[in-house]
Amino acid sequence: QAFPLPSLPRKQPTVLVVCGPAQNGAIGLVCARHLRSFDYEPTIFYPKRSPDPLYRDFTTQCEKMDIPFLSYLPTEVQLINDAYNAVVDAVLGAEGTEGTEPCAPILATLKHIRIPIVSLDVPSGWDPDSGGPGGLSPDVLVSLAAPKACARSFLGRQHFVAGRFLPFDVQRKFELNPPEYPGTECVVAL
Amino acid sequence: QEEAQAIDQELFTEYQFSVDQLMELAGLSCATAIAKAYPPSSFTTSQPAVLVVCGPGNNGGDGLVCARHLKMFGYQPTVYYPKRPSKPLFEGLTTQCKKMDIPFLPEFPTEAAFIDELYGLVVDAIFGFSFKGAVREPFGSILSTLERVTVPIASIDIPSGWDVEKGKADGLQPDMLISLTAPKKAAMHFTGRYHFLGGRFVPPALQEKYALNLPAYPSTDCVLQLT
């Protein structure tokens, strides 16, 4: 929704999906697969693969969908800017601390790119509660289930919530007061 | 029928999809298609009440997922689920429905007229594309009742009781058919108003291998209206 196919600046609808070692990365893998169904051309960078069987299956599904997996992330930022229309940051989520290898060098590179970044749940490197300096500045944030406290510090262009799957009693219990989702959409722009 | 089973097999063995993943996407497609064809505002009953009849296999599982999403889309679904497999997948789906306050009927309404009065739509999630042979009770009686219902019926994948390739002229005549993955041969005998395609998860390589020639889904929609 934030980057419809006709709006992309490059001739090919390329997107780089950078996946961390834990759940946030796994969500990135699923995202990449659906992007492929939507006719984007995702490429994945997934340096530290989880041994979790579910996440391994997600990897297989992507490989069998002919989604390429990079063997290394270029440190030369211009190469990323030139090759892709946008980057999906699925490195760290609400559990994240920046220091976890190999995340630190990845985040160091991503901080300098000029193409838009879409962060899943928490911009990688941010403290999930306080936000705070030293992390990425994404263009788009997709909050999963409900926005985390750090979302207050988000300054980018669009903030989506993807939480329509939450049962009503969970929403009430945590006083989430979610916005209305349009029609049958599973995301809503805040 | 064999081709549909072969595609399913490849999705599970080659692509390592789990039944859970595909069932969730299938059920969501069904709810989305229903919401497009029968928006809550179109119901003549005071609430957008929907009866979801779930069979003993995967088609029933699709129905449970569909019921949950219908609830989230603002409908008031009620489920009838007489034969429940004791597998974690189906037990989990049942729990998810119950925790969303979706009632499960203890008995099937005895008269078609009762269904017509209480519900604005019936979802037929009884038998799917693996169905072969005779219809076992209680589903025979259920299908007889459904054949006399006048409110619209939306069938998931195959109108229940139909031969998967040849159809069934004197069987259920649903108003809507949601074909999952690709339309089955029986769809040629479908005479209802709405035919949707759902299950937007078939990898391009599989589509080519089986020459599915599926039309393009609109943008990020998980359903495509065929008629």
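Cut-offs applied
Residues numbered from 1 in each chain as written. Chains lettered and ligands numbered in written order. Predicted model: local features only at pLDDT ≥ 70, side-chain atom pairs only at ≥ 80, totals over all residues. Heavy atoms only, no water. Pairing = 2+ DSSP bridges. Helix = DSSP H or I, 4+ residues; strand = E, 2+ residues; numbered from the N terminus. 1 Å grid on protein atoms, 1.4 Å probe; cavity = no way out; pocket = protein on both sides within 12 Å on 5 of 7 lines; lining within 4 Å. Points joined across faces, edges and corners; volume = space filled by probe spheres on them. Nonpolar A, V, L, I, M, F, W, Y, C, P; charged D, E, K, R; others polar. Buried < 20%, exposed > 50% of the residue type's maximum accessible area, 1.4 Å probe, protein only. Arc of directions from axis to C-beta. Core = buried A, V, L, I, M, F, W, Y, C linked by side-chain atoms within 4.5 Å. Contact = heavy atoms within 4.5 Å. Buried area = accessible area lost by both parts, 1.4 Å probe. Salt bridge = Lys/Arg side-chain N within 4 Å of Asp/Glu carboxyl O. UniProt positions renumbered as here; feature names shortened; annotations may be inferred. Axes fitted to C-alpha atoms, helices over the stretch in contact; angles between N-to-C directions. Parallel < 35°, antiparallel > 145°, perpendicular 65-115°, else oblique. Left-handed = near helix turned anticlockwise from the far one by under 90°. Disulfide = S-S within 2.5 Å. Expected span 1.5 Å × (residues − 1).

A. Fine view of the sheet that holds strand β5 (residues 117–120) of chain A. All names here are of chain A. Here eight strands make up an open sheet; going across it, the order is β3-β2-β1-β4-β5-β6-β7-β8 and the pairing mixed. Unpaired on one side and paired on the other, β3 (69–70) and β8 (188–189) mark the two borders of the sheet. Sheet analysis places strand β1 (residues 14–19) next to strand β4 (residues 86–90), joined by five bridges and oriented parallel. Looking across to β4, one finds that C19 is bridged to A90.

B. Inspection of the layout of surface pockets at higher detail. Residue and element names in this part refer to chain B. Here the second largest pocket is characterised by a volume of approximately 960 Å³. Taken together, 42 residues make up the lining of the second largest pocket; nearest its centre are D8, G128, F129, S130 and D157. Of all the secondary structure elements, the ones that give two or more residues to the lining of the second largest pocket are α1 (2–13), α2 (19–37) and α3 (58–72). When residues in the lining of the second largest pocket are grouped by element, the largest group, seven residues, is from α1. The residue makeup of the lining of the second largest pocket, split by class, is 22 nonpolar, nine polar and 11 charged.

C. Structural context of helix α4 (residues 103–110) of chain A. When we look at burial in α4(A), the residues that qualify are A:C103, A:I106, A:L107, A:T109 and A:L110. Buried residues of α4(A), seen end-on, are gathered within an arc of 160° and therefore sit on one face of the element.

D. Layout of the nonpolar core. Membership of the largest hydrophobic core comes to 41 residues, with the highest contact counts inside it found for B:I34, B:V79 and B:M176. At the level of secondary structure, the elements contributing two or more residues to this core comprise α2, β1 (49–54), α3, α4 (88–99), β3 (121–125), β4 (153–156), β5 (176–180) and β6 (194–198) of chain B. Counting residues per element, this core draws most heavily on α2(B), at eight residues. Beyond its immediate sequence surroundings of up to four residues, B:M176 is in contact with B:A33, B:I34, B:A37, B:Y38, B:I153, B:A154, B:S155, B:F190, B:Y194 and B:F196. Listed in part, the 28 residues of the second largest apolar core include A:L8, A:C19, A:Y55 and A:V140.

E. Spotlight on the interface of chain B and chain A. At the interface, 20 residues of chain B touch 20 residues of chain A. Summed over both partners, the interface of chain B with chain A buries about 1900 Å², with 60% contributed by carbon and sulfur atoms. On the surface where chain B and chain A come into contact, there are one salt bridge. A salt bridge links B:E14 to A:K64; the nearest nitrogen and oxygen atoms lie 3.2 Å apart.

F. Highlighting the UniProt feature "domain: YjeF N-terminal" (unreviewed entry) in chain B. UniProt annotation of "domain: YjeF N-terminal" (unreviewed entry) refers to residues 4–214 of chain B when read in the numbering used here. In the segment residues 4–214 of chain B, helix accounts for 37% and strand for 14%; the C-alpha atoms at its two ends are 14 Å apart.

G. Representation of the packing of α3(B) against α4(B) in the model. All names here are of chain B. Packing of α3 against α4 brings their axes to within 9 Å, and their N-to-C directions diverge by 25°. The orientation of α3 relative to α4 falls into the category roughly parallel. For the pair α3 and α4, the sense of crossing is left-handed. Contacts from N58, G61, L64, V65, A67 and R68 in α3 reach F90, L93, T94, Q96 and C97 in α4. In terms of residue class, the contact of α3 with α4 is made up of six nonpolar, four polar and one charged.

H. Representation of unusual backbone geometry within the structure. Looking along the chain, the bond that leaves B:E137 and enters B:P138 is cis, with omega of 5°. Of note, B:P138 is situated in the loop between β3 and α6 (139–147). Look at A:D66: it is not a glycine, yet its phi comes out positive at around 60°. Note on placement: A:D66 falls in the loop between α2 (53–64) and β3. Backbone geometry at B:S219 places phi at a positive 30°, although glycine is not the residue there. With respect to the secondary-structure elements, B:S219 resides in the loop between α7 (204–209) and β7 (223–225). Residue B:S219 is classed as exposed on the basis of its relative accessible area of 57%.

I. Spatial organisation of the sheet that holds β4(B). All names here are of chain B. Read from one edge to the other, the open sheet built from seven strands follows the order β2-β1-β3-β4-β5-β6-β7, with strand pairing classed as mixed. Edge positions in the sheet fall to β2 (76–80) and β7, since each has one partner strand and no second. Shown here is a sheet whose adjacent strand axes are inclined to one another by a mean of 20°, direction ignored. Pairing of β1 with β2 involves five bridges; the strand directions are parallel. Among the inter-strand pairings, A49 is bridged to a residue of β2, identified as Q76. Contacting β3, β4, β5, β6 and β7, α2 crosses the sheet at an angle of about 150° to β5.

J. Spatial organisation of the state of the cysteines. All told, the structure shown has zero disulfides over all chains when counted by the stated rule. Unpaired in terms of disulfides, A:C31 finds its nearest cysteine sulfur in A:C19, a separation of 8.3 Å. This cysteine, B:C66, is not joined by any disulfide, and B:C30 carries the nearest cysteine sulfur, 5.3 Å off.

K. Inspection of α1(B) at higher detail. Residues and elements named next belong to chain B. Its 12 residues give α1 an end-to-end C-alpha distance of 16 Å, which sits within 8% of 16 Å, the value for a rise of 1.5 Å per residue. Residues of α1 that are buried include every one of A4, I7, E10 and L11, and no others. Projection of α1 onto a plane perpendicular to its axis shows the buried side chains occupying an angular sector of 125°, all on one side. Residues of α1 that are buried make contact with α2 and α7.

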